[in-house]
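Examination of the molecular architecture
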Amino acid sequence: MRTVSYAEALNEALKEEMRRDALVFMMGEDVGKMGGLFKVTQGLLEEFGPQRVIDTPISEAAIAGAGVGSALVGTRPVIEFQFLDFITIAMDQIVNHAAKSRYMTGGMVSLPLVIRAPVCAGIGLGAQHSQSLEAWFVHVPGIKVVMPSTPADAKGLLKSAIRDNNPILFLEHRLLYAQTGPVPEETEHLVPLGLAEVKRSGTDVTVVATGRTVPLALTVASSLSAEGIEVEVIDPRTLKPLDTATIVRSVKKTNRLVIVNDGCRTCGYAAELMAVIMEESFFDLDAPIQRVCAADVPMPVAAALQKAVMVSEEDIATACRVAMVDKLGRPGNPSEPKETQT
Amino acid sequence: MKRDATRRGRSPDLPPDTLLEWYRQMCSIRAFEREIVSLNKAGLIPGTAHLYIGMEAIAVGACASMKREDFLTSTHRGHGHAIARGLDPGRMMAEVLGRSDGYCRGKGGSMHITDISLGMLGADGIVGGGIPVAVGAGLGTRLKGGRSVVFCFFGEGACNQGSFHESLNMAAIYRLPVVFICENNLWALSGPFAEMSAVGSIVDRAASYEMPGEKVDGNDVEAVFRAVDKAASRARKGTGPSLLECLSYRWEGHSIFTRVEIRPQQEIEEWKRRDPIERYRSRLLERGIATPSLLQRIDLEVAASLDSAVNFAKNSPPPDKATAFEGVYS
């Protein structure tokens, strides 16, 4: 199979869906002439013209509202926020309008709107350009939340998202854009929403990881395998709707669970996953569920500080060992939540 | 309800039937709103409603310019726009009462009445929330190659939201077919316009976006029609958006929920003397377009059709409990 980068895979998905359906269009800041700050929309303006690839002013609320209005009249907008952090300016349109349109009209309305936004932690951009806010949106009924970790998933999920008739927050990670991987060549490469994937099979401990942390978890799994610990890595791919069954199946096998998510720890996505497994699979567990998250602090800039706050491979490995405590004994470096400023 | 007025052309010499239809619509809106006051006293309204009494000429005059393919976005005070656009008052009232035959099956209530089939993209519970939606409708309709115009209603309070500025700028740079219709009723709940706005006229803000602006007597249905119709023609020709400011006043409190009235009683009484319906009624009689008996007949017809709407709504069963959990996703 050919190898493509995550950013190229997203670009292919956009182009293919825009070729397939003339009602699909793209709008956002710098998406046209510049091809997107992170080059995801390169070549779109040239191929589809300014009617369908729209450079907007810096007006996040109006961009989101324009997405809602254009979807209501029967088009299929894809809007881009340059950084997920900027979505805070558009929350009214996303939370009060897009998410609720269908329900509060008694099912009269469909709202096919894809909201693409990169999460940019890890490149030193600081507190206003690094947040993983996925939990906010998972909390709101009416929105689906997608977070691919590989080029193949990025392409297949974006294509499915564009064809879906609901508002979808599609989260990309800046550190994944350059990652390459095999991507099927056929234009009907679709990954269904709501389906998790077991990225690595294992028998000893289940690690559920999201977005950027999936490759980290896979690296940890390889190194722990050398120590005789077989880690099963699951990527939910769609945070909402969640494929609970795949995770429960794995927990029944390994009896141990580590949850990894780039969001802050308190009330984060990992907390929700933890609650779901406690409800669904408590008696299958041999050890307390471990979660590995970013610390509850705004993201600092200095490399050493950023590293201390973000999820690392070491954190994941430690959490796996703690989850195995009844078999391995107490690890030298017990998993503790990253420090929180009080 | 007849929808002739929403479908008719834009001849400058309006036929008497059209002028009488406007009278009927204004009376229908007022009767609908007055009925809500009594239903609320009877404890039949589950939530709230924001009444349009006193402002009827704006919705009727503006919607008279709408064609079948056009769209509108409305506000929390949206019953007038819906009735003027030709929505069924029976299903509207059922929605206000939270019944299963309401437009939103009892899930939306007064603030979310929507009818996509008539291009009514929704009332809106967020002040200023409908303005960017109208911009999107303009973009979408252009992409689809349509000739629709979007009629975007909002109050003067919404003009202090960021969404107003972002949206007018965006509509102007893309020359979108949107008519921005500000209903300036002088009070944003308890906030007087003069204290809340740095400019004395909303229409002055049109200059910020280099779009045409016009200030209109919002209690004169014909004046509203003429201004909106001009703006809609510009939009249809592709020359872009306009901003209209229709000056009017709400007779009732902010909502049926609001108990405190801080507006001066004298001001309320002054505006009641400028009643848009009474003014229009006198004009129709003066010009010989209607006789007192004809208008009386229309009044009776309005009352009868409201009665049947209210009966329809009251007889509609409450929604089944199971439906609470349905319809979040398509």
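This structure is a prediction, so every number in the text was calculated from the model and none was measured. (Residues numbered from 1 in each chain as written. Chains lettered and ligands numbered in written order. Predicted model: local features only at pLDDT ≥ 70, side-chain atom pairs only at ≥ 80, totals over all residues.)

**What about the overall build of chain A?**
Basically, it comes down to this: Only runs of H or I of at least four residues qualify as helices and only runs of E of at least two qualify as strands under DSSP, and these elements are numbered from the N terminus. The globule rule used here is 2.2 Å times the number of residues to the 0.38 power, and the radius of gyration it is set against is calculated over C-alpha atoms. Note on contacts: residues are paired as contacts if their backbone-placed C-beta atoms lie within 7 Å.
Counting secondary structure elements, chain A contains 13 helices and 14 strands. Its C-alpha radius of gyration of 20 Å places chain A within 12% of the 20 Å reference for a compact globule of 342 residues. Across its three principal axes, chain A shows a C-alpha extent of roughly 65 × 45 × 40 Å. A separation of at least 24 residues holds for 79% of the contacts in chain A among residues at least 6 apart in sequence.

**Looking at the sheet that holds strand E7 (residues 167-173) of chain A**
All names here are of chain A. To keep it simple, the criterion reads: Two strands are said to pair when DSSP picks up at least two bridges between them. The convention used is that axes are lines fitted to C-alpha atoms, helices contributing only their stretch in contact, and that angles between N-to-C directions extend from 0 to 180 degrees.
Here 7 strands make up an open sheet; going across it, the order is E3-E2-E4-E5-E7-E6-E12 and the pairing mixed. Only two strands of the sheet have a single neighbouring strand rather than two, namely strand E3 (53-55) and strand E12 (238-240). For this sheet, the mean angle separating the axes of adjacent strands, direction not counted, is 20°. Here 5 bridges tie strand E2 (residues 24-28) to strand E4 (residues 76-80), and the two strands are oriented parallel to one another. Across the sheet, the residue bridging to Val 24 is Arg 76, located in E4. Along the sheet, helix H3 (residues 60-72) contacts E2, E4 and strand E5 (113-119); its crossing angle with E4, the most-contacted strand, is approximately 170°.

**Some thoughts on the interface of chain B and chain A**
The cut-off we apply is this: Under the grouping applied here, Gly and all other residues not named as nonpolar or charged are polar, the nonpolar ones being Ala, Val, Leu, Ile, Met, Phe, Trp, Tyr, Cys and Pro and the charged ones Asp, Glu, Lys and Arg.
With 34 residues of chain B at the interface, the matching set in chain A holds 35 residues. The set of elements that each furnish at least two residues to the side of chain B that touches chain A consists of helix H6 (130-143) and helix H7 (162-173) of chain B. Ranked by residue count, the leading element in the side of chain B that touches chain A is H6(B), at 10 residues. Its residues placed into classes, the side of chain B that touches chain A shows 16 nonpolar, 14 polar and 4 charged.

**Let's talk about the nonpolar core**
Stated precisely, the cut-off is as follows: Throughout this description, the term nonpolar core refers to a group of buried Ala, Val, Leu, Ile, Met, Phe, Trp, Tyr and Cys residues whose C-beta atoms join them within 7 Å. Remark: C-beta atoms are placed from the backbone, and a residue is labelled buried if 20 or more other C-beta atoms sit within 10 Å of its own, exposed if 12 or fewer do, or partly exposed between those counts.
By size, the foremost hydrophobic cluster in this structure holds 206 residues, and its most contacted members are A:Cys320 and B:Val179. Broken down by element, the residue count for this core peaks at 9 residues, all from helix H2 (residues 16-41) of chain B. With residues near it in sequence (within four places) discarded, A:Cys320 still touches A:Val205, A:Val207, A:Val220, A:Leu224, A:Ile229, A:Val231 and A:Val258.

**Digging into the domain arrangement of chain A**
Residue and element names in this part refer to chain A. Formally: Domain start and stop positions are those given by an automatic or database domain assignment.
For chain A, the assigned domains read domain 1 (3-182) and domain 2 (197-328). Its C-alpha centre places domain 1 at a distance of 26 Å from the equivalent point of domain 2. On the domain 2 side, the residues contacting the 23 residues of domain 1 number 24 residues. Of all the secondary structure elements, the ones that give two or more residues to the side of domain 1 that touches domain 2 are helix H6 (134-138), strand E6 (144-146), helix H7 (151-163) and E7. Of the residues contributing to the side of domain 1 that touches domain 2, the split by class is 13 nonpolar, 7 polar and 3 charged.

**Things to note about the environment of B:Pro177**
Residues and elements named next belong to chain B. Position of Pro 177 among the secondary structure elements: in the loop between H7 and strand E3 (178-184). The sequence separation of Pro 177 and Asn 311 amounts to 134 residues, and the corresponding C-alpha distance is 39 Å. In this view, Pro 177 contacts Gly 138, Ser 148, Val 149, Val 150, Ala 235 and Arg 236; residues no more than four positions away in its chain are not counted.

**Overview of the confidence of the model for chain B**
Residues and elements named next belong to chain B. Convention followed: pLDDT runs from 0 to 100 and stands for how confident the predictor is about each residue.
This prediction gives chain B a mean pLDDT of 95; 96% of its residues lie at or above 70. Note that residues 1-12 has pLDDT below 50 and, in this model, 21 contacts with residues that lie over four places away or in other chains. Two numbers describe this predicted complex: its pTM, 0.95, and its ipTM, 0.94.

**Considerations on the sheet that holds strand E9 (residues 197-200) of chain A**
In sheet architecture, strand pairing relies on hydrogen bonds along the backbone and comes in two forms, parallel and antiparallel. All names here are of chain A. Strands sit in the order E9-E11-E10-E13-E14 across an open sheet of 5 strands; the sheet is mixed. If you trace the sheet from one side to the other, it starts and ends with E9 and strand E14 (290-294), each paired once. The sheet shows a mean angle of 25° between the axes of neighbouring strands, taken without regard to direction. Looking at chain direction, strand E10 (residues 205-209) and strand E11 (residues 231-235) are connected through 4 bridges and run parallel.

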